[in-house]
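# Examination of the molecular architecture
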Amino acid sequence: MDALTAAVAGLLFGLSLIAAIGAQNAFVLRQGLRRELVGPVVAVCSTSDAILIAAGVAGLGVLVDHAPDLLATTKILGAAFLLGYAAPALRRVASPRSLHAEREDARPAYGRVLVSAVLLTWLNPHVYLDTVLLLGSVAASHGSDRWWFALGATTGSVLWFSGLGYGARLLGPLFVRPGAWRALDALVAATMTAVAVGLLV
């Protein structure tokens, strides 16, 4: 029963950390709406989370807590990448297209999309503070059941990204209109910029 309690606690805690609107979620949502490489993107984000959760539960949070220079470097790199990703989103706001127009484009660059998913995860210093340090600390409070807590948190990550990526297609009829894409790209650009500025200041 203690193991089940720890797993459920991990599931709920993991979802509470990941559900906030952020750069990674905005990226997964957009890929889901475009129906482009959703499976690989979901797999990259979920696997990355699983690795980070395991690292936190294994005690890597202590290293993160004592590596301010590493976090500072990650902040600068992360901010630069986010601003670089926000720029094309702003350009799309100026010339929006419908979902049909988006789908008529050439096949997406597989490597570019997956690299973006990786960088949006691993260049975000908040993931080390939240997933590794904070989640690892909470997991430690469950003692010998901490790995059940980690399993619950990992399950929450898989459910969230799968729901966000594959559930986005339900909004497809709405995004036939260019105005809806303009609003989404504006949200993506604003989110990326806000996170980048937050990292720098």
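Look up a bit, the structure's there.
The rules we used
Residues numbered from 1 in each chain as written. Predicted model: local features only at pLDDT ≥ 70, side-chain atom pairs only at ≥ 80, totals over all residues. Heavy atoms only, no water. Helix = DSSP H or I, 4+ residues; strand = E, 2+ residues; numbered from the N terminus. Buried < 20%, exposed > 50% of the residue type's maximum accessible area, 1.4 Å probe, protein only. Contact = heavy atoms within 4.5 Å. Patch = residues over 30% accessible without salt bridge, like charges linked within 9 Å, V, L, I, M, F, W, Y side chains within 5 Å. Areas by Shrake-Rupley, 256 points an atom, 1.4 Å probe, with all protein chains shown as cover. Salt bridge = Lys/Arg side-chain N within 4 Å of Asp/Glu carboxyl O. 1 Å grid on protein atoms, 1.4 Å probe; cavity = no way out; pocket = protein on both sides within 12 Å on 5 of 7 lines; lining within 4 Å. Points joined across faces, edges and corners; volume = space filled by probe spheres on them. Axes fitted to C-alpha atoms, helices over the stretch in contact; angles between N-to-C directions. Parallel < 35°, antiparallel > 145°, perpendicular 65-115°, else oblique.

## As for the overall build of the chain
In terms of regular secondary structure, the chain is built from 10 helices and 0 strands. Moving toward the C terminus, one meets the helices and strands of the chain in the order α-α-α-α-α-α-α-α-α-α. The buried share among the 201 residues of the chain stands at 43%. For the chain, restricting intrachain contacts to residue pairs at least 6 apart in sequence, the fraction spanning at least 24 positions comes to 89%.

## Brief notes about a nonpolar patch on the surface
Among the surface-exposed residues, I76, L83, V197, L200 and V201 lie close enough to one another that they form a single nonpolar patch of about 510 Å² accessible area. Of all the secondary structure elements, the ones that give two or more residues to the nonpolar patch are α5 (68-94) and α10 (178-200). As for its placement among the helices and strands, V201 is situated in the segment after α10. Residue classification places V201 among the exposed residues on the basis of a relative accessible area of 83%.

## Thoughts on the layout of surface pockets
There is about 470 Å³ of room inside the largest pocket. L17, I18, Q24, N124 and D130 are, among the 22 residues lining the largest pocket, the residues nearest its centre. Taken together, the elements giving at least two residues each to the lining of the largest pocket come down to α1 (2-18), α2 (23-34), α3 (38-58), α7 (110-122), α8 (125-140) and α9 (146-167). If one sorts the elements of the lining of the largest pocket by residue count, α8 sits on top with 5 residues.

## Regarding the environment of V197
Residue position: V197 is located in helix α10. Between the C-alpha atom of V197 and that of K75, which follows or precedes it by 122 residues, the distance is 9.9 Å.

## So, the packing of α2 against α9
It is at 7 Å that the axes of α2 and α9 come closest, and there the two elements cross at 40 degrees. Judged by the inter-axis angle, α2 sits oblique to α9. Residue-level contacts link Q24, N25, V28, L29 and G32 of α2 to W160, F161, L164 and G165 of α9.

Note that all results are geometric; they support no functional claim without further evidence.
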